[in-house]
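A closer look at the structure
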Amino acid sequence: MGANPLRPTRPRLIVYIDGFNLYYGAVRNTPRLKWLDLAKFCRILRPSDDIQRIHYFTAQVDGSTKAHQKEYWKALATTPQVNIVLGKFKKKRVACKVSACVHAGSKLFSTQEEKRTDVSIALAMLDDAYQGLCDHQVLISGDSDLVPAVALVRHRFPAMKTTVYVPSTNPVRGAAVELRASAAINRDLPLNLLAYAQFPNRIPDGAGGFVTRPAAWT
């Protein structure tokens, strides 16, 4: 049976989520909201669009939260629309820039820097646009490093709708002036929707077992 010619076609949408920007901007200090069903959240966020794919860009952390993160990835793997794209962390030595620091020893300390995420998001947005896989791209991030990617998509594909949602509870962090200006439409990510898009505490993994929400996230 063919499509109803009188019914308008829903725009094909692809969502690109900057995982750590979402985490630090919206859910870091909200344990009960970390068990986020990204597919459900995007459906609530964009109910009138035909969501084709959700690309979630992240990297493996170290330390006590590593096991929690892996469990979360298992939960996301139960939602076919979500594609997890992994970057990596690179260790580096940086100098302390706190002017009031009175530490007498070395002012250098070790930290980690996330790598590849910005490039991966940019390439995915351009590749999807060139393949004609969507009519609308939604980027969830506040990172100004993504300005060139959003601007180039708009330049090369003027018919492509681009929307940026900035995730933040902090007005300064949430300003994201450059990134907002690069998109056709920009919005604050509606954080009130996070509570309505949580996975159940236990999820069938499709292989006879279950994925369980970490106790620290309850």
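Report follows, based on the coordinates. Values in this document were obtained by computation on a predicted structure and should not be read as measured data.

1. Considering the overall build of the protein
Within the protein one finds 7 helices and 10 strands. A burial count over the protein gives 40% of its 218 residues as buried.

2. Topic: the packing of aromatic side chains
Under the counting rule described, the total for this entry stands at 8 aromatic pairs. Note on Trp 35 and Phe 199: the rings are 5.9 Å apart at their centroids and 65° apart in plane angle, and the pair reads as edge-to-face. Taken together, the positions of Trp 35 in the loop between helix H1 (19–27) and helix H2 (38–45) and Phe 199 in the loop between strand S8 (185–188) and strand S9 (202–204) put the pair 164 residues apart, joining distant regions of the chain. Here the two residues Trp 35 and Phe 199 agree in accessibility, since each one is buried. Here the guanidinium or amino end of Arg 202 rests over the ring plane of Phe 210, the centre of that ring lying 4.0 Å away.

3. A short note on the pattern of salt bridges
Per the counting criterion, the structure on display carries 5 salt bridges. Linking Arg 46 and Asp 49 is a salt bridge whose minimum nitrogen-to-oxygen distance equals 2.8 Å. Just as Arg 46 is buried, Asp 49 falls in that class too. Of the charged contacts in the structure, one is a salt bridge between Asp 188 and Arg 180, with a shortest N-O distance of 2.4 Å. A relative accessible area of 55% places Asp 188 in the exposed class.

4. A short note on the sheet that holds strand S6 (residues 136–140)
In spatial order, the strands read S3-S2-S1-S6-S7-S8; together these 6 strands make up an open sheet with parallel pairing. The open sheet has two free edges, formed respectively by strand S3 (82–86) and S8, since each of these has just one partner strand. Across the sheet, the axes of successive neighbouring strands diverge by a mean angle of 20°, strand direction being ignored. Pairing analysis gives 5 bridges linking S6 to strand S7 (residues 161–166), with the strands arranged parallel.

5. Some details on the pairing of strand S1 (residues 12–18)
A large share of S1 lies buried, amounting to 6 of its 7 residues. Relative to strand S2 (residues 50–58), S1 is paired through 7 bridges, and the arrangement is parallel. Each bridged residue has a counterpart across the sheet, and for Ile 17 the counterpart in S2 is Tyr 56. Strand direction decides the pairing type here: S1 and S6, joined by 5 bridges, are parallel.

About the thresholds
Residues numbered from 1 in each chain as written. Predicted model: local features only at pLDDT ≥ 70, side-chain atom pairs only at ≥ 80, totals over all residues. Heavy atoms only, no water. Helix = DSSP H or I, 4+ residues; strand = E, 2+ residues; numbered from the N terminus. Buried < 20%, exposed > 50% of the residue type's maximum accessible area, 1.4 Å probe, protein only. Phe/Tyr/Trp six-rings, centres within 6.5 Å; stacked < 30°, edge-to-face > 60°. Lys NZ or Arg CZ within 6 Å of the ring centre and 35° of its normal. Salt bridge = Lys/Arg side-chain N within 4 Å of Asp/Glu carboxyl O. Pairing = 2+ DSSP bridges. Axes fitted to C-alpha atoms, helices over the stretch in contact; angles between N-to-C directions.

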